[in-house]
Amino acid sequence: MQMTLAINGADHALDVDPRTSLLDVLRDHLDLTGSKKGCDHGQCGACTVLLNGRRINSCLTLAVMHEGDEIVTIEGLGTPDALSPLQAAFVAHDGYQCGYCTPGQICSATAMLAEIKAGWPSHVSDDLEGAPELSAAEISERMSGNICRCSAYPNIVDAIADVGRDRS
Amino acid sequence: MRPFDYQRAPSAQAAAELGAAAPASRFIAGGTNLLDLMKIEVERPETLIDISRLPLDTIEQTDEGGLRIGALVTNSDLAADPRVRRDYAVLSRALLAGASGQLRNKATTGGNLLQRTRCYYFYNPAMPCNKRDPGSGCAALEGENRIHAILGASAHCIATHPSDMAVAMLALDARVEVLAADGSTRTIALGDLHRLPGETPHIETTLNDGDLITAVTLPAPPGGRHIYRKVRDRASFAFALTSVAAVVELVDGRIATARLAFGGLAPKPWRDRAVEEALVGQAPSPALWQRAADMVLGEAQGHGSNDFKIPLVRRTLASVLDAACAGEK
Amino acid sequence: METSLKMDVPVQHSLLDSTNQNIISRPIDRVEGPLKVSGQARYAAEFKLPGMAHGVLVGAQIGKGSVARIDAGGVEAMAGVLGVVTDFDLFLRNSAQGMATEAPCQGVREIAYFGQPIALVVATTFEQARHAAQALEVTYEKGEGRFDFDAEQGKAQPKDSTLSSQGDIDAALAQAHGRVDGVWTTPSQTSAAMEPHASLAHWEGDSLVLYGSYQMLSTNRMQLADALGLDIEKVRIRAHYVGGGFGAKLGIAAESVAAALAAKALGRPVRVVMTRQQVFETTVRRSNTRQRVRLAADTDGRLTAVAHETLTANLDGEDFSEPVSAATKFLYGGANRTFGNEIVRMDQVLSGSMRAPGEAVGMLALEGAMDELAEKLGLDPVELRLRNLPDRHPGSDLPFSSRSLAECLTIGARDFGWPRRNRQPAATLDGEWWIGLGMAAAARSNMLIKSSARVSLQPDGRALVETDMTDIGTGTYTVLAQITAELLGLRVEDVAVHLGDTTFPPASGSGGSFGAASAGSSVYLACEKLREAIAGQLGGDVDTLVLSDGMARMGNISVPLADLDTGPLDATATIEPGETGENFVQAAFGAHFAEVGVNAHTGEVRVRRMESTFAAGRILNEKTATSQCYGGIVFGIGGALTEEMIHDTRHGAIVNRDLAEYHLPVNADVPQLKVRFLEERDHAANPLLAKGIGELGISGAGAALANAVYNACGVRVRDFPITLDKLIADLPDLP
């Protein structure tokens, strides 16, 4: 199928098998290999990208469904020479080890901070209607869709808390 | 994943017509469960009808003071909706206890209702499974069934329905709006949407080919305390071993209304109105909770590794009812 | 220049204690960090080669038997399919064990376990290959298999090399003041590195280049060459970034040979990435274990007997058995001792090394038994351990190279607030949660493995390190840069570290917690040689040479490194284990303290607080070392509370073969851990005076949690993981 995807602010014309996941288009067709395939079933979060500003598992959606959407991948958040605040915080706090889940963690965290800012509650929020806190418990719960087998979790929480505090 | 014909539906009506006309078709919206299953060829649609762009993504007030939730409202948006948080807290809590932030951003209201079981054997095409391949047998019955049903199962299937959202909606007396291929619409009580497996575990709902869920409606908000308690093997991002949705109203120290629904126990979200009736008019007490549990679990049957669910439900129910009545005695 | 050192005698003085760059041990950021956080670090499956085709493995759908027929016709006619590739003789049946220098078990006509790869379907696109692989028609002849561990354990065979006994254990138990005699069980587990196994193979003439996701390239190369019948020079493996290993990538797995053979047959590069389900089914697992531990103590709380006898499982012909009692042998004293492991032959996927093979599961039993013994003796668990630290190895009588366990126990207890613990179980409630504290010691054997590296000083005064060492998240890039920078007086950013390519000098690889010390020592030796050469150029004694901030100073001479004669100025160095490995007991030690909550209604367990104190010789980078320890501790949390691969006893298949139902800890399962390192140097270990820490964190961590669960609710669970179904029947009533 012929289609166009808007990724990181640029349009990409593609001819894809309708079966192709958004993740496989990114990795195999566009060489945007920052988005990772850890399970291909939405169970690890390594493939997390931003779709119209929201975090999703790019392995569990078809590329052909996303014409006209704004997609941002880890490559669109920052580069080694110009890291985003979260990318820099992950480096400073050692919020990774092998690095494989890391782009997904950072994309997820980017959108998650926006969710907190928008006042979305979480499973651990005491009050459904109040403004959510930026506590370790809140960050951990909200980041639980991103598995890190190296288990950098404490550092990931610190990195996100650092950036979240600066923003609020 | 098998090849399929991809069609983007221009309207709900067109989607329903296409769904009825195309053999082995599936609607796709969030796709979080459907694609998961298509990748391993448990789901094998020949036509995939993309309904994700249809204008079914709003939450509106109904004339009766309830809410009409479009079928394409995402789990995230529904959980975060101020009206849901304020008036239907049990639903918000159930949604937030389910899946992950990423999945909730994609998963839709209609799709969540129609998600399929997490039975290990259903997920492995090398194994017998009456739900996946009718007549092949049930590998779970004599196999590993820690996550399986203790209520409502049959000799042909002991799989559970995995939704959290649907459990809360069931407690809230939700109704499902359906558009049929012939243009007619009907509403189904959520409790009547899912079927028990019986001898046909592959037929999971009362929907016909082409039937498109367009919305879920909630009646006016029930008063009382809302609790959704999910018990699982890790602190987050795991399916329920059991869950209890409770909306309980206490007046003058006695239970005025009680709505209880259970997840992780049965092939469908489970509600037992006899239990609710038995609670009404009674004063909260541990003995009452045990009587309620006895009623819920009267027909319960373990299959080996899921035997623990029977005491787990008993204890969880008691703690939920305690919490629901706490401070109002 | 070449140099080498065999560790036959302790290193009395390490240059790292007298150089001036002040970079070693410092918690600097990972040097490759900006690449990783921006998605620019490329892993095996992410290289692109012209004409690359996609292969998907097909696994056996029976648990035991043989392949009668593969009917490839239908699949080969499918759109995009380039071929069905199989080789009943050469395809790998099992993954290679870590450090093996030959091919693993090959030949896939016989089916030895459920999911064993039997063929590879290759197509132009991944989508085509995946579907075709699922459609491939295979006919089997079913055989009788052994899938029920409980039924098979009576046929266990002793592994002779593990048997040892001294004194009279039965007599000591009979005379004891306090004793414990129990059976602990742990389930099958999987490493579950986030990057699935992947190989991209292409041929340059008769030479193979394979981009792989492996931990130990120099031996992986030997395994792959042997499997394919190639001279080792004809095989090159590249693995610049590896998305975790934890043992599962120590040896080559099925996708490597399949990709290589397919690329050869089709005349184009072929990429094979395992599905997550295949990673579960066909790579390697940690065996389930059954462990009997017996402890006896006298009235002073001194151990008189220690016995740790274990059963593990493996396939026929596979020699590996989890060394479950590894740490039990030296951790505590006691004159009467018995150890031994027996192997149960099972037709289930290969058992091999997973993070801390031995200690990870063995310490669950030993440290659980110690907790039970402390209770029986009325002693504080910390005190019981302090009373039983042996002066020398209780079996061999060898001295410890270094051991700060007592300090870890006492400092850890103090920092955690251990003295405030209520010894009485089920005595503390917080809302509906029973609160309990538990502790355990940590110990992990230290090893040195032969390792080589080349360090060159470039004309611009910067340094280049080259070795086929891998960085699997372990911090290798960073610590090798730090060692080099420290010894050559450079800024870290002036050291380039090139890893993960077998064209570089062969290294130890990443495994067994020996990577940083082994590869780091080779880099140390090379830098030492370069220092001598620099001193020579300056015409003086190396002992008077000072290298710092890019300058070489000697007496009144001060020269920028960039002004030296670098044409060429390089050194290749090799470290080798020697007699210090035999004359000393070498291990890293620590102590874990944990607080858990057990839900009084449901039995759910939540970790609330966990603090661990470690001593592991010199810490090369406090930041990456802390992360390594976090990782180990969280493996311990998973092992204690959530992780279990469930095998169906009818065919051995792993029923929960995905990340939804194999429960790795998620972020919400892990509190903000605290890790503290004590200052220590180990002169027998290596010239860095460092010991390994990659597996230390897991050792004992789960036991601390299990002991805390008991303290919380009064229920002892000896059958891991401690899921709520094992607690619920015995939970105490709420007051």
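Residues numbered from 1 in each chain as written. Chains lettered and ligands numbered in written order. Predicted model: local features only at pLDDT ≥ 70, side-chain atom pairs only at ≥ 80, totals over all residues.

1. Considering the overall build of chain C
Our working definition: Only DSSP runs of H or I reaching four residues or more are called helices, and only runs of E reaching two or more are called strands; each is numbered from the N terminus. With the radius of gyration taken over C-alpha atoms, the globule rule is written as 2.2 Å times the number of residues to the power 0.38. In this scheme the burial state of a residue depends on its C-beta neighbours within 10 Å: 20 or more other such atoms mean buried, 12 or fewer mean exposed, and anything in between means partly exposed; the C-beta positions come from the backbone. By definition, residue pairs are in contact when their C-beta atoms, positioned from the backbone, come within 7 Å.
Scanning chain C from N- to C-terminus turns up 17 helices and 29 strands. Computed over its C-alpha atoms, the radius of gyration of chain C comes to 26 Å, within 12% of the 27 Å expected for a compact globule of 735 residues. Judged by the C-alpha coordinates and their principal axes, chain C covers about 80 × 75 × 50 Å. Counting only residues that meet the buried cut, chain C has 65% of its 735 residues in that class. In chain C, 82% of the contacts between residues at least 6 apart in sequence involve partners at least 24 apart.

2. With respect to the domain arrangement of chain C
Residues and elements named next belong to chain C. Our working definition: Those domain boundaries reflect an automatic or database domain assignment. Charged residues are taken to be Asp, Glu, Lys and Arg, nonpolar residues to be Ala, Val, Leu, Ile, Met, Phe, Trp, Tyr, Cys and Pro, and polar residues to be all remaining types, Gly included.
Segmentation of chain C into domains returns domain 1 (2-41 + 449-574) and domain 2 (358-447 + 583-730). Each of domain 1 and domain 2 has a C-alpha centre, and these two points are 35 Å apart. In this assembly, 28 residues from domain 1 lie in contact with 24 residues from domain 2. Contributions of two or more residues to the side of domain 1 that touches domain 2 are made by strand S1 (2-7), helix H13 (476-488) and helix H14 (515-538). By residue number, the principal contributor to the side of domain 1 that touches domain 2 is H14, which donates six residues. Taken together, the residues that form the side of domain 1 that touches domain 2 break down as 15 nonpolar, 11 polar and two charged.

3. Some points on unusual backbone geometry
Leaving glycine aside, a negative phi is the common case for residues, and trans is the common case for peptide bonds. C:Gly567 connects to C:Pro568 through a cis peptide bond whose omega is -20 degrees. You can see C:Pro568 is positioned in the loop between strand S25 (557-560) and strand S26 (570-577). The residue after C:Phe720, namely C:Pro721, is reached through a cis peptide bond having omega -5 degrees. Inspection of the secondary structure assignment puts C:Pro721 in the segment after helix H17 (701-713). Phi is positive for B:Glu41, which is not a glycine, with a value near 60 degrees. With respect to the helices and strands, the residue B:Glu41 is situated in the loop between helix H2 (34-39) and strand S3 (47-50). What makes B:Glu41 partly exposed here is the crowd of 15 C-beta atoms within 10 Å. Of note in the backbone geometry, C:Asp397 takes a positive phi value of approximately 65 degrees without being a glycine. Tracing the sequence through the fold places C:Asp397 in the loop between helix H11 (381-387) and helix H12 (405-416).

4. Side note on the domain arrangement of chain B
If you check the domain split of chain B, you get domain 1 (5-50) and domain 2 (225-325). Taking only C-alpha atoms, the centre of domain 1 of chain B and the centre of domain 2 of chain B are 36 Å apart.

5. Remarks on the nonpolar core
Going by this rule: In this description, a nonpolar core means buried residues of the types Ala, Val, Leu, Ile, Met, Phe, Trp, Tyr and Cys, linked to one another by C-beta atoms lying within 7 Å.
Counting 418 residues, the largest nonpolar core has B:Val90, C:Val121, C:Leu705 and C:Val709 as its most contacted members. Examining the composition of this core, we find that 11 residues originate from one element, helix H10 (residues 359-377) of chain C, more than from any other. Once residues lying within four places of it in the same chain are set aside, the contact partners of B:Val90 are B:Ala168, B:Ala171, B:Leu172, B:His226, B:Ile227, B:Tyr228, B:Ala245 and B:Val247. With seven residues, the next largest nonpolar core counts C:Phe147, C:Phe149, C:Leu311 and C:Ala313 among its residues.

6. Brief notes about the interface of chain B and chain A
Taken together, the 26 residues of chain B in the interface contact 29 residues of chain A. If you tally residues by element for the side of chain B that touches chain A, the top one is helix H6 (residues 101-106) of chain B, at five residues. Of the residues in the side of chain B that touches chain A, the class split is 11 nonpolar, nine polar and six charged.

7. Notes on the pairing of strand S21 (residues 463-466) of chain C
Residue and element names in this part refer to chain C. Quick reminder of the rule: Pairing between two strands requires that DSSP report at least two bridges joining them. The definition of a right-handed crossover adopted here requires that, viewed with the strands pointing away, the path from the first strand over the helix to the second runs clockwise.
Pairing analysis gives four bridges linking strand S20 (residues 451-457) to S21, with the strands arranged antiparallel. Counterpart to Val455 in the pairing with S21 is Val465. In this antiparallel pair of consecutive strands, S20 and S21, the connection spans five residues, and Gly461 shows a positive phi of 85 degrees. Looking at chain direction, S21 and strand S22 (residues 495-498) are connected through four bridges and run parallel. Along S22, the bridge assignment pairs Leu464 with Ala496. With respect to chirality, the unit in which S21 leads through H13 into the neighbouring parallel S22 is right-handed.

8. A closer look at the pairing of strand S11 (residues 254-263) of chain B
All names here are of chain B. Burial analysis of S11 places seven of its 10 residues in the buried class, the great majority of the element. When strand S10 (residues 242-251) meets S11, the two strands line up antiparallel, connected through nine bridges. Bridging from a neighbouring strand, Val247 pairs with Arg259 of S11. The loop that links S10 with its antiparallel partner S11 comprises two residues; one of these, Asp252, has a positive phi angle of about 50 degrees.

9. Focus: the interface of chain C and chain A
Between chain C and chain A, the contact holds 47 residues from the first and 51 residues from the second. When residues of the side of chain C that touches chain A are traced back to their parent elements, those giving at least two are helix H1 (33-37), helix H3 (126-135) and helix H16 (622-641) of chain C. Considering each element in turn, the side of chain C that touches chain A owes the most residues, six residues, to H16(C). Here the side of chain C that touches chain A is composed, by residue class, of 22 nonpolar, 14 polar and 11 charged.

10. Remarks on the sheet that holds S1(C)
Residue and element names in this part refer to chain C. Formally: Angles here are taken between N-to-C directions and fall from 0 to 180 degrees, while the axes themselves are lines fitted to C-alpha atoms, restricted in helices to the stretch in contact.
The five strands lie next to each other as S1-S26-S20-S21-S22, forming an open sheet whose pairing is mixed. Strands at the two margins of the open sheet, each flanked by one partner only, are S1 and S22. In this sheet, adjacent strand axes meet at a mean angle of 20 degrees when their direction is disregarded. In terms of strand pairing, S1 meets S26 through six bridges, oriented parallel. Paired with Ser4 across the strands is Thr574, a residue of S26. Packing of H13 onto the sheet brings it into contact with S20, S21 and S22, and relative to S22 it is tilted by some 140 degrees. Its contacts with the sheet put H14 on S1, S20, S21 and S26, and the angle it makes with S20 is roughly 40 degrees.

11. Observations regarding the sheet that holds strand S7 (residues 137-142) of chain C
Residue and element names in this part refer to chain C. What the three strands build is an open sheet, ordered S5-S3-S7; its pairing is antiparallel. Two strands in the sheet have a free side with no partner beyond their single neighbour: strand S5 (110-111) and S7. Inspection of the sheet shows strand S3 (residues 65-71) paired to S7 by six bridges, in the antiparallel sense. The residue bridging Val67 from the neighbouring strand is Tyr140, located in S7.

12. Points about the packing of H13(C) against H14(C)
Residue and element names in this part refer to chain C. Where we set the bar: By definition in this entry, angles of less than 35 degrees are roughly parallel, angles greater than 145 are roughly antiparallel, angles of 65 to 115 are roughly perpendicular, and the rest are oblique. Put simply, a crossing is left-handed when the front helix is turned counterclockwise from the back one by less than a right angle, and right-handed when it is turned clockwise.
Packing of H13 against H14 leaves a shortest axis separation of 9 Å and a crossing angle of 25 degrees. Taken as axis vectors, H13 and H14 run roughly parallel relative to one another. Seen from above, H13 lies across H14 with right-handed handedness. Taking contact as the criterion, the partners of Thr476, Val479, Leu480, Ile483, Thr484, Leu487 and Leu488 in H13 are, on H14, Gly515, Ala516, Ala519, Gly520, Val523, Tyr524, Cys527, Glu528, Leu530 and Arg531.

13. A short note on the environment of A:Gln105
All names here are of chain A. Turning to its location among the elements, Gln105 is positioned in helix H4 (residues 102-117). Along the primary structure Gln105 and Val72 are separated by 33 residues, whereas in three dimensions their C-alpha atoms are 14 Å apart. The residues touching Gln105, leaving out its near neighbours within four places in the chain, are Gly95, Asn146, Cys148 and Ile156.

14. Structural notes on the packing of helix H3 (residues 85-92) of chain A against helix H6 (residues 153-167) of chain A
Residues and elements named next belong to chain A. Across the interface, H3 lies against H6 with an axial gap of 8 Å and an inter-helix angle of 140 degrees. When the axes of H3 and H6 are compared, the pair comes out oblique. Crossing of H3 over H6 shows right-handed handedness. Residues Pro85, Leu86, Ala89 and Phe90 of H3 lie in contact with H6, whose contacting residues are Ala159, Asp162, Val163 and Asp166. Of the residues belonging to the contact of H3 with H6, the class tally is six nonpolar, no polar and two charged.

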